[in-house]
Amino acid sequence: MDPIVVARAVVEERHPAARAAFLGGSVLTAHRTALSDLDIVVLLHGPPAPYRESLQYGDWPVELFVHTEESWHEFVDREIRKRRSPLLWMCADGELLFDVDGLGASVAAEARKLALAGPPAATAEEIEDFRYGITDLLDDLAGCTDQGERLFIASELARRTGELALALGGSWGGGGKWLARRLDDTAPGLNARLHHAVREALNGQTEALAGVVEDVLAPAGGRLWIGYRRSGTG
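One structure accompanies this document, and this report is about it. Here the structure is a predicted model, which means the values were calculated and not measured.

Let's shift gears to the side chain of Arg19. With respect to the secondary-structure elements, Arg19 resides in the loop between helix H1 (3-14) and strand S1 (20-24). Within polar-contact distance, the side chain of Arg19 engages the side chain of Asp101 at 2.7 Å. Beyond its immediate chain neighbours, meaning those up to four positions away, Arg19 contacts Leu43, Leu44, His45, Glu69, Phe98, Asp99, Val100, Asp101 and Leu103.

Right, let's get into the nonpolar core. Ile134, Leu157, Leu164, Leu183, Leu190, Leu209 and Val213 are the most contacted members of the largest nonpolar core, which totals 29 residues. If you list the elements that add at least two residues to this core, you get helix H5 (124-143), helix H6 (147-168), helix H7 (177-186), helix H8 (190-202) and helix H9 (207-217). Per-element tally for this core: the top contributor is H6, with 8 residues. The contact partners of Val213, leaving out residues within four places of it in the chain, are Ile134, Leu138, Leu157 and Thr161.

So, on to the packing of aromatic side chains. For any pair of aromatic rings, the description rests on two quantities: the centre-to-centre distance and the angle between the ring planes. Counted according to the given criterion, the structure contains 3 aromatic pairs. An angle of 90° between the planes, with centres 6.2 Å apart, marks the rings of Trp89 and Trp172 as edge-to-face. Taken together, the residues Trp89 in helix H3 (residues 86-92) and Trp172 in the loop between H6 and H7 connect sequence positions 83 residues apart. The class of Trp172 is buried, set by a relative accessible area of 5%.

Turning our attention to the pairing of strand S4 (residues 60-68). Among the 9 residues that make up S4, 8 are buried, leaving the element largely enclosed by the rest of the structure. Where strand S2 (residues 38-44) meets S4, 7 bridges bridge the pair, whose relative direction is parallel. Residue pairing across strands places Leu38 opposite Val62, the latter belonging to S4. The pairing of strand S3 (residues 51-57) with S4 spans 7 bridges and is classified as antiparallel. Bridged to Glu53 within S4 is Leu64. Remark: 2 residues form the turn of the hairpin made by S3 and S4, two consecutive strands paired antiparallel; Gly58 in that turn has positive phi of roughly 60°.

Cut-offs and rules
- Residues numbered from 1 in each chain as written.
- Predicted model: local features only at pLDDT ≥ 70, side-chain atom pairs only at ≥ 80, totals over all residues.
- Heavy atoms only, no water.
- Helix = DSSP H or I, 4+ residues; strand = E, 2+ residues; numbered from the N terminus.
- Polar contact = N/O pair within 3.5 Å; in protein donor to acceptor, adjacent residues only side chain to side chain.
- Contact = heavy atoms within 4.5 Å.
- Core = buried A, V, L, I, M, F, W, Y, C linked by side-chain atoms within 4.5 Å.
- Buried < 20%, exposed > 50% of the residue type's maximum accessible area, 1.4 Å probe, protein only.
- Phe/Tyr/Trp six-rings, centres within 6.5 Å; stacked < 30°, edge-to-face > 60°.
- Pairing = 2+ DSSP bridges.

Put into structure tokens, the structure is as follows:
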């Protein structure tokens, strides 16, 4: 069944008094799979918003993100500061399912404006944190003799390296599949290089992975260990 039709039915059944609703996520794209869920943003006048809920509707897994106008802005502002806002993108790129009083159109326009403007630039301290963490993992990888440990070191290196590349490129961040998709837009070819290098690392050949990581580190200033300092005890 058409996911848009199903998403409308979900909202009409669970929140008939909603002001507006959006369907977003992979289900509307060429990346859709047989297991794609319905990511639905619902905007209410008040309680029980805000809340998030996972549920099953017929054959469809559904993720509901229920907000008021005020809480939507609060959550998006918080996510933007982290340079990663799924809620923003669900409304910027999503399908407006219905709009009772114009709030949906207003939110969609604001979401598209914010998404186009891009995330705030990563701070110098954040880039140093990336460099330090990645340097630590590179040392762990070089000294690792345990295949099980190498799996997690290599995976974590790939993830953090991808996140650093996005930060350096001024791109929105993402997790899981969205990290790969953002990388394809921001640093074409890096995802494929990391994939190949991680596979080699799992077979004990770590040079390629170290090389890819060093290439991403270089524009940020390279490795960082001596002189790294942060206040606090964490």
